[in-house]
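Chains, contacts and geometry: an overview
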Amino acid sequence: MRFSDFLAGAGLATIVSAAVTAKQPSFESKCNAFKSKIKVANSHVHDVTYVPIGSNITKEYDASTCSDGDSSPATFDFCRVTLNVTTSAKSHFFMEAWLPSNYSGRFLSTGNGGLGGFETTGVKYDDMAYAAQYGFATVGTNNGHSGDTGKYFYQNTEVLEDFAYRALHTGVVVGKELTKQFYTEGFKKSYYLGCSTGGRQGWKSIEKFPDDFDGVVAGSPALNFINLINWGARFYPVIGNSSADTFITTAQWTAIHSEILRQCDSLDGAVDGIIEDTDLCQPIFETLVCNSTAAADSICLTAAQIKTVNTVFSPLYGHNGSFLFPRMQPGSELTSVYYNGPFQYAEDWYRYVVYNNPEWNPATWTIEDATVANAQDPYQISTFQGDISPFKKSRGKVLHYHGLEDGIITSDTSKVWYHHVVDTMGISPSDLDDFYRFFPISGMGHCTPGTGAAYIGQGPSTFVDNNPEDNVLLAMVRWVEEGIAPEFVRGAKLNGTTVEYRRKHCKYPKRNKYVGPGSYKDESAWECV
Ligand code: CA
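Presented here is a report on the structure given in the accompanying data block. Small disclaimer: the values here were computed from a predicted structure and weren't measured.

Here the focus is the overall build of the protein chain. The helix and strand tally for the protein chain stands at 14 helices and 17 strands. By the compact-globule yardstick of 24 Å for 529 residues, the protein chain fits well, its C-alpha radius of gyration being 23 Å. Counting only C-alpha atoms and orienting by the principal axes, one finds that the protein chain spans roughly 80 × 60 × 45 Å. A total of 529 residues make up the protein chain; the buried ones form 58% of that total. Partitioning the contacts of the protein chain with sequence separation of at least 6, the portion at a separation of at least 24 is 69%. Within the structure as shown, the protein chain displays about 20100 Å² of accessible surface, and the carbon and sulfur contribution to it stands at 52%. In the protein chain, which carries 42 positive and 57 negative side-chain charges, the distance between the mean positions of the two groups comes to 6 Å.

The structure is reproduced here in structure tokens:
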């Protein structure tokens, strides 16, 4: 089937209603009969349930440890398989496979987030629903433990190994097997969709299991993971508690954000509140220093606070001066998670992995701790092996994106990674384009929309339409199956539920420049240079 046919068919309502009227009885009975036919090693199948369109999808298996235990209505007809898979004598993971009646012949694995599930969920149900409604046989796991916490790593490296790579990969192996056992035709192509920790998992697959996927959509990835943890750990000792003279208040961060926009917004040619290329933005914060003539109620910064801000926007270097992690990119001041107390993931990582000491105090972190953590790098969770030639050789494709207003994982780290791949492989960006394309997304936060045109269809919460130019998942399908590679990713800015404007995001290392004429809301007024 050509992609255009897929799209024509993906008037999803057409497919689904046809399925409901013509295929439902046989699909339902096929699903009901499936449990006795499943053969998967080292697993225990909980349930195989037919889920008709309109019924509630309960998230029962995560309800005990995850807050997202609610339910939502199915918008498509599918066969739901829930199972546990054993990975060692001391570890196992929970997974689900959603096998839709409108099957497109494609397999897809979702990923996770944070130190477990995304926003406290184990399985990323929203991504599963998003992919399965397009007809993908879709799987998701809880990544080896439930809940957004590192405490299960404590004195159990098997759980850590699941988290680093094993749960995802094993879920793919099991999920492909289930897909072949359920659909007699098997599957034609295999895909991956994930953001944040899910972005790292996508890259880990590319590095370690280059044949797992034909197409990988990896967003805002937690690459260089140990140093991301170290970078996150650094903020608290630098900023301190609210009583410290180094601490910066929310009102002051707002003033800092305004000053950054004042210095950087126009560098792309348009004053629209959005910084198109954060590399061009090298703000000078001394403009905010309190002086004797400042009005008493004006917001200004002391010398100690200026030092704090300059550190936040500087890279992290190791004790011997080696580069560890880039600066926080300017523009994310209002959404960052790092400026009000310890970073939970760093605290968990040091307590339950690095030192096996639940009492470890994040206020004591120094660069010497980073040295210890980096020497461990368990199961190469750092995910920073720049030679991805096996993935290229297996004809895989990867679409990598990162929001330029990301306040949790600075988008500068994706640029560092891109250059690391170029340098390691000795390959030019134009040759890299054959299988790896990176799109920085202005106006996007951490895997979610920010102030700009950031609806790019990487999940249900950022869906606008089924045009592959506006939808990174469908762009990947078109690239893999029709060989049409994305030259840009177009995002939408929404005002309520209405599209206010669209903007094309350029393929790195090109950057977006306003050339006019007309409004900055006109996508043709921008050019990739
Ligand atoms: Ca601008």
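A word on the pairing of strand β5 (residues 91-100). Counting buried positions over the ten residues of β5 gives nine, a clear majority of the element. Judged from the ten bridges that link them, strand β4 (residues 78-88) and β5 form a sheet pairing that is antiparallel. The partner of V85 across the bridge, within β5, is F93. The hairpin turn running from β4 into β5, its antiparallel successor, is two residues long. Summarising the sheet, β5 and strand β7 (residues 136-141) pair through four bridges and their orientation is antiparallel. Bridging across to β7, W98 finds its partner in T138.

D265 (O), D265 (OD), D268 (OD), D268 (OD), A270 (O), D272 (OD) and I274 (O) make up the full set of protein donors to the calcium ion, lying at 2.3 to 2.6 Å. Donor residues binding the calcium ion come from one chain and are separated in sequence as D-x2-D-x1-A-x1-D-x1-I.

With that settled, consider the state of the cysteines. A disulfide bridge is the covalent bond that connects two cysteines by way of their sulfur atoms. One pass over the structure, following the stated rule, counts five disulfides. Each disulfide pairs two cysteine sulfurs, and for C195 the partner residue is C447, the sulfurs being separated by 2.1 Å. On the sign convention where negative is left-handed, the bridge of C195 and C447, at about -95° about the S-S bond, is left-handed. Of this pair, C195 sits in strand β8 (residues 189-195) while C447 is found in the loop between β13 (436-441) and α14 (472-482), placing the two residues 252 residues apart along the sequence. Of the two residues, C195 and C447, both sit in the buried class. Through a disulfide, C264 is tied to C281; the S-S separation comes to 2.0 Å.

Turning to the packing of aromatic side chains, a few remarks are in order. Counted according to the given criterion, the structure contains 41 aromatic pairs. Between Y154 and Y352, the ring centres sit 5.9 Å apart and the planes meet at 65°, which makes this aromatic pair edge-to-face. Remark: Y352 occurs in helix α9 (residues 344-354) and Y154 occurs in the loop between β7 and α4 (157-182); sequence separation between them is 198 residues. Here Y352 falls in the buried class, since its relative accessible area comes to 15%. With a centroid separation of 5.4 Å and an interplanar angle of 65°, the aromatic rings of F343 and Y345 are classed as edge-to-face. When its relative accessible area of 13% is taken as the criterion, F343 is described as buried. Through successive ring pairs, a cluster of aromatic residues spans W231, F235, W253, F325, Y338, Y339, F343 and Y345. Over the aromatic face of F163 sits the side chain of R200, whose NZ or CZ is 5.8 Å from the ring centroid.

Let us now look at the side chain of S411. Relative to the assigned elements, S411 resides in the loop between β12 (397-403) and α12 (412-425). Under the relative-accessibility criterion, S411 is labelled buried at 1%. Apart from the residues lying within four places of it in its own chain, the contact partners of S411 are Q329, H402, G403 and L404.

In this section: the nonpolar core. Grouped together as the largest cluster of nonpolar side chains are 51 residues, with contacts concentrated most on F153, F225, I256, W349 and Y350. Of the residues forming this core, the biggest block, eight residues, is contributed by helix α6 (residues 225-239). Aside from chain neighbours lying at most four places away, what touches F153 is L115, H145, V159, L160, F163, W349, Y352 and V353. Residues F34, L83, F391 and I427 belong to the second largest nonpolar core, which totals 47 residues.

Time to look at unusual backbone geometry. Of the consecutive residues Y508 and P509, the connecting peptide bond is found in the cis state with omega at 10°. Relative to the helices and strands, P509 is located in the loop between β15 (498-506) and β16 (512-514). Note the cis peptide between G516 and P517, where omega equals -10°. Among the structural elements, P517 can be located in the loop between β16 and β17 (526-528). One non-glycine residue with positive phi stands out, namely N356, at about 45°. Structurally, N356 is set in the loop between α9 and α10 (367-376). With a relative accessible area of 38%, N356 lands in the partly exposed category.

Parameters at a glance
Residues numbered from 1 in each chain as written. Predicted model: local features only at pLDDT ≥ 70, side-chain atom pairs only at ≥ 80, totals over all residues. Heavy atoms only, no water. Helix = DSSP H or I, 4+ residues; strand = E, 2+ residues; numbered from the N terminus. Rg over C-alpha atoms; globule rule 2.2 N^0.38 Å. Buried < 20%, exposed > 50% of the residue type's maximum accessible area, 1.4 Å probe, protein only. Contact = heavy atoms within 4.5 Å. Areas by Shrake-Rupley, 256 points an atom, 1.4 Å probe, with all protein chains shown as cover. Lys, Arg positive; Asp, Glu negative; His and termini not counted. Charge placed at Lys NZ, Arg CZ, Asp CG, Glu CD. Pairing = 2+ DSSP bridges. Donors = N, O, S within 2.8 Å, 3.2 Å for Na, K, Ca; no water. Disulfide = S-S within 2.5 Å. Phe/Tyr/Trp six-rings, centres within 6.5 Å; stacked < 30°, edge-to-face > 60°. Lys NZ or Arg CZ within 6 Å of the ring centre and 35° of its normal. Core = buried A, V, L, I, M, F, W, Y, C linked by side-chain atoms within 4.5 Å.

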